[in-house]
Amino acid sequence: MRSKVIITLIANYEKLSDGMVFTLLLVYSLFVRFPFFFRDYIDRDESTFILVGQSLVDGQLPYMLLWDLKPPVIFYFFASIIYFLGKSFIAVRLVGVIAVVCTAFCTFKLSARLTSVQTGFWIALVCVMLLSMFGSLQGLMSEHICMLFFMPAIYLLVRSRQPLFYFLAGILVGLSVMTKLNMAYPGLFLGAYIVIDSLKKRGLILQMALPLLYASGIFLIVFLTFLPYYVQGIGSKWWNSVILASIEYSASRRQSILSLSPIFILTGFLLYLSWRNRWLDFRNRDVHILIVVLIGVLFSYLKAGRVNGHYLIQIHPILVILIGSAVYHWRKSLNWKAPFLRYCYLLPLLIPVEAYVEYVAVVRNKIVHGTFYNGEGIRVPQYLFEHKVDTRNILFFEYHIGYWLLGQYPPSKAATHPSNICRDEIYPYFDNPRRSSMEELHFLLTELRPAIIVVRANRPVFDPLEVEENHYVASHLERHYRLLTTLDQASIYQLSE
């Protein structure tokens, strides 16, 4: 009976309010992401954000005690979760659900302006799927948070041309940029569009005011993140960590242009078809803004020279709006009524295979280990506690979320994110006395001499391309450590000397 009510509501979606749309998106997002609430970590980045966020709660500014290659708002965001909701995986993942739902809801509001309320709902539902499935997207990534800020900024700009909205949009774009630095490019492209668009208005004051208000909002956020360092006379630490390190990293980790070309070719082809067949109204200001932002994000990928799977979170909301709108107008032009579309409500239940697999894994873990929480990052600290192993001097080369559960910090700035150990190009930018990965490894293994080291079982510690570093760690473990135990994919080594 209840399922028939839900189906009826969706089928007659033109009658639903914004509140009902938000509620449906929340229920679906929670359904898809809930089984991942209990996993130790889904992506290394999320674990690193938690660690730096915890250090911020404990009174340390980002980049002081711990360091990672991200702007500071991401760390303040995670610190806020920990401060207000406690030290909880569920709290972090629940905020991830809210971030996805808010982004999808903005997608709905923008889509409904270009299509219909019903179509806008389905576009938003697709957005939830793309932000929650396929790879490491079930965690709370920096891309989720930057789009949580950026999508409302777009909506404010398309909703009204009131000066206050431009200032608020600038603040949101500033928060997005200080969460994920590459969003500076779509923010800049959007600013250029605002300048051009404002020239159509009457009056020189208004023409100048709107771009200035937008830019002022952005600079306000950037300044506020810089201010704590400036007050303490360490402004260079912010500049080196936020700006220079990111530039150097992007310049040194570029991929082949051929690996980037598919996304550019596909996006360009879809936009060309939409223009050629008039599936999108390219005279519409909403469409202008969406395309300008899309081009800005794609340009940021080109400048960075790489596109990881979770980077696509930054274009999924924009793409689904444009593609969904094009399909909507294509169907209308053909006057095509497909009977099978009435069964589309089944797709959201059939697609999230990853969620169903994780539900099974969570239940199995409860049966075997007596807890819903699962993963080596949880099992390793639990094992060390139960066996009364001294964890005051411990090094995680993998599953470093274990530091959080043990109440410890990584032993050095470079070790905050294990991958940073092998990024020689960024060492000059975080005041590290060691200048290379080999020097850092020598310090960690020989000078600190961890009593416990945790690595992935039967796999290289670092990327296989880091041959020298992998050989050094493996040789050191063989000579000075003994294998204490292996828990799933985690090997725990104990100092034998």
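Relevant structure appears above.
Residues numbered from 1 in each chain as written. Predicted model: local features only at pLDDT ≥ 70, side-chain atom pairs only at ≥ 80, totals over all residues. Heavy atoms only, no water.

(A) The sheet that holds strand 1 (residues 394-396), seen in detail. Spatially, the 4 strands line up as an open sheet ordered 1-2-4-3, and their pairing is mixed. Only two strands of the sheet have a single partner each, and these edge strands are strand 1 and strand 3 (481-487). Sheet twist, expressed as the average angle between the axes of neighbouring strands with direction ignored, equals 20 degrees. Here strand 2 (residues 452-456) runs beside strand 4 (residues 490-495); their pairing, made up of 5 bridges, is antiparallel. Within strand 4, the position partnered with Val455 by the bridge is Ser491. Taken strand by strand, helix 20 (residues 467-480) contacts strand 2, strand 3 and strand 4, and its axis lies near 105 degrees from that of strand 3. (Pairing = 2+ DSSP bridges. Helix = DSSP H or I, 4+ residues; strand = E, 2+ residues; numbered from the N terminus. Axes fitted to C-alpha atoms, helices over the stretch in contact; angles between N-to-C directions. Contact = heavy atoms within 4.5 Å.)

(B) Local environment of the pattern of salt bridges. Taken as a whole and assessed by the stated rule, the structure comprises 14 salt bridges. Close ionic contact of Arg93 with Glu46 constitutes a salt bridge, the shortest N to O distance being 2.8 Å. Note that Arg93 is positioned in helix 5 (residues 89-114) and Glu46 in helix 3 (residues 44-57), a separation of 47 residues in sequence. Residues Arg93 and Glu46 agree in their burial class; the two are buried. One salt bridge connects Arg113 with Asp286, and the closest N-O pair in it is separated by 2.7 Å. With Arg113 in helix 5 and Asp286 in helix 13 (residues 285-304), this pair connects stretches of sequence that are 173 residues apart. Looking at Arg113, the relative accessible area reads 42%, which means it is partly exposed. Among the ionic contacts, a cluster of salt bridges with common partners joins Arg44, Glu398 and Arg456. (Salt bridge = Lys/Arg side-chain N within 4 Å of Asp/Glu carboxyl O. Buried < 20%, exposed > 50% of the residue type's maximum accessible area, 1.4 Å probe, protein only.)

So yeah, pure geometry; function would need other evidence.
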